[in-house]
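Now for the letters of each chain:
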Amino acid sequence: MRKKLIAANWKMYKTPDQARDFFRDFLPLVQAHDRDEIVVCPTYLCLDAAVTAAKGSSVAVGAQNLHWEKEGAFTGEVNAAMLLAVGATRVIIGHSERRQYFGETDDTVNLKLKSALEAGLIPIVCVGEVLEEREAGLTDDVLRRQCMRAFYKISAKKAAKLVVAYEPVWAIGTGKTATPQLASDAHIIIRGEAAKAFGQEFADNLRILYGGSVKPENATALMSEPEIDGGLVGGASLDPKSFSAIVKY
Ligand code: 13P
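Conventions adopted
- Residues numbered from 1 in each chain as written.
- Predicted model: local features only at pLDDT ≥ 70, side-chain atom pairs only at ≥ 80, totals over all residues.
- Heavy atoms only, no water.
- Pairing = 2+ DSSP bridges.
- Helix = DSSP H or I, 4+ residues; strand = E, 2+ residues; numbered from the N terminus.
- Axes fitted to C-alpha atoms, helices over the stretch in contact; angles between N-to-C directions.
- Contact = heavy atoms within 4.5 Å.
- Buried < 20%, exposed > 50% of the residue type's maximum accessible area, 1.4 Å probe, protein only.
- Core = buried A, V, L, I, M, F, W, Y, C linked by side-chain atoms within 4.5 Å.
- 1 Å grid on protein atoms, 1.4 Å probe; cavity = no way out; pocket = protein on both sides within 12 Å on 5 of 7 lines; lining within 4 Å.
- Points joined across faces, edges and corners; volume = space filled by probe spheres on them.
- Nonpolar A, V, L, I, M, F, W, Y, C, P; charged D, E, K, R; others polar.
- Near = heavy atom within 4 Å.
- Polar contact = N/O pair within 3.5 Å; in protein donor to acceptor, adjacent residues only side chain to side chain.
- Areas by Shrake-Rupley, 256 points an atom, 1.4 Å probe, with all protein chains shown as cover.

For the rest of this paragraph, the subject is the sheet that holds strand β7 (residues 207-211). In space, the eight strands of this closed barrel follow the order β1-β2-β3-β4-β5-β6-β7-β8, with parallel pairing throughout. Across this sheet, the average inter-strand angle for adjacent strands is 25°, counted without regard to direction. Examined bridge by bridge, strand β1 (residues 5-9) and strand β8 (residues 230-233) share four bridges and lie parallel to one another. Across the sheet, residue L5 finds its bridge partner in β8, namely G230. Along the sheet, helix α7 (residues 139-150) contacts β5 (122-127) and β6 (163-166); its crossing angle with β5, the most-contacted strand, is approximately 150°.

The next point concerns helix α2 (residues 47-54). Since there are 3.6 residues in each turn of an α-helix, residues three or four apart along the chain are aligned in direction. Buried within α2 we find L47, A49, A50, V51 and A54. The secondary structure elements touched by the buried residues of α2 are α1 (16-30), β3 (59-63) and α3 (80-85). Phi turns positive, to about 85°, at G56, one or two residues after α2.

In this section: the nonpolar core. Inside soluble globular proteins, nonpolar side chains tend to come together where they are buried. L162 and F243 are the most contacted members of the largest nonpolar core, which has 67 residues in total. For F243, the residues in contact, after removing those within four places along its chain, are I6, A7, A8, F22, F26, I38, V39, V40, V233, A236 and S237. In terms of nonpolar packing, the next biggest core, distinct from the first, is built from 13 residues, L5, A7, C41 and L232 among them.

The next subject is the layout of surface pockets. To find leftover empty space, one rolls a probe the size of a water molecule over the atoms. Computed from the structure, the largest pocket encloses a volume of approximately 580 Å³. Lining the largest pocket are 18 residues, with K11, M12, Q64, E97 and F102 sitting closest to its centre. Of the residues forming the lining of the largest pocket, the biggest block, five residues, is contributed by helix α4 (residues 96-101). For the lining of the largest pocket, the per-class residue count stands at eight nonpolar, seven polar and three charged. For the second largest pocket, the calculated volume is near 190 Å³. Lining the second largest pocket, in full, are W68, E69, K70, N79, A80, A81, L111, K114, S115, E118 and A119. Of all the elements in the fold, those that place two or more residues in the lining of the second largest pocket are α3 and α5 (106-119). Top element by residues in the lining of the second largest pocket is α5. It accounts for five residues. A per-class count over the lining of the second largest pocket returns five nonpolar, two polar and four charged.

To continue, consider the site of the ligand. Residues in contact with the ligand, as listed here, are N9, K11, H95, E167, A171, I172, G173, G212, S213, L232, G234 and G235. A distance of 3.0 Å separates an oxygen atom of the ligand from a polar atom in the side chain of N9. Contact between the ligand and K11: an oxygen atom at 2.8 Å from a side-chain N or O atom of the residue. Isolated, the ligand exposes 300 Å² of accessible area, and the fraction of that covered by the protein chains is 97%.

Geometric descriptors of this kind do not, in isolation, establish any biological role.
Next up, the structure:
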């Protein structure tokens, strides 16, 4: 049985004070909840506040990005060791917004994944097709390419803690959710790529999250699908009540 993981991606929302307020209200709502793993990924600037606020709870904190180099003249960037030093234990890699607006490529996703695994961070690697690709019948090809290139030259042993998130770009922030069946079909393709790269046993244990307009109203249907091992939640994770309702679907 794969333990489900419900992760909040706060994107470019919340100041440190707002992050503290969130945890003050959110933690009591999920206090006794140990069925699923809960992760909150705020901006870099709020990591310290989130880690401090989450101390003593079962909620883990992750970043939304990292740079792959150990250190150097890379203005504006943050590396894996820095994330670990402030208490972040997870990191989102290759989110479609980073691919779309910030020049993230399959190759940089691979470099970031290697660097995160090397440092001991738990990576959540995002893959997903845009609307034109889905409409052109290219979804499976896109997912296969994104996974193959993300996993390139990484051993199963190194990748042990890997998590993948399937986020169809047309479902992000649009209110359009993939049906559980459609998400499930995509997850099977991703699991197949993981099997090719890391072996069947690894793939059977790999957690694949679904992201894209997950809300309290659709969480139960999505999370009940055996292929869906959790969610990566954007907009609906900003409010403690709505995120806790998703966690407790
Ligand atoms: P929404 O839940 O706002 O659609 O965002 C999904 C997402 O991009 C999570 O990473």
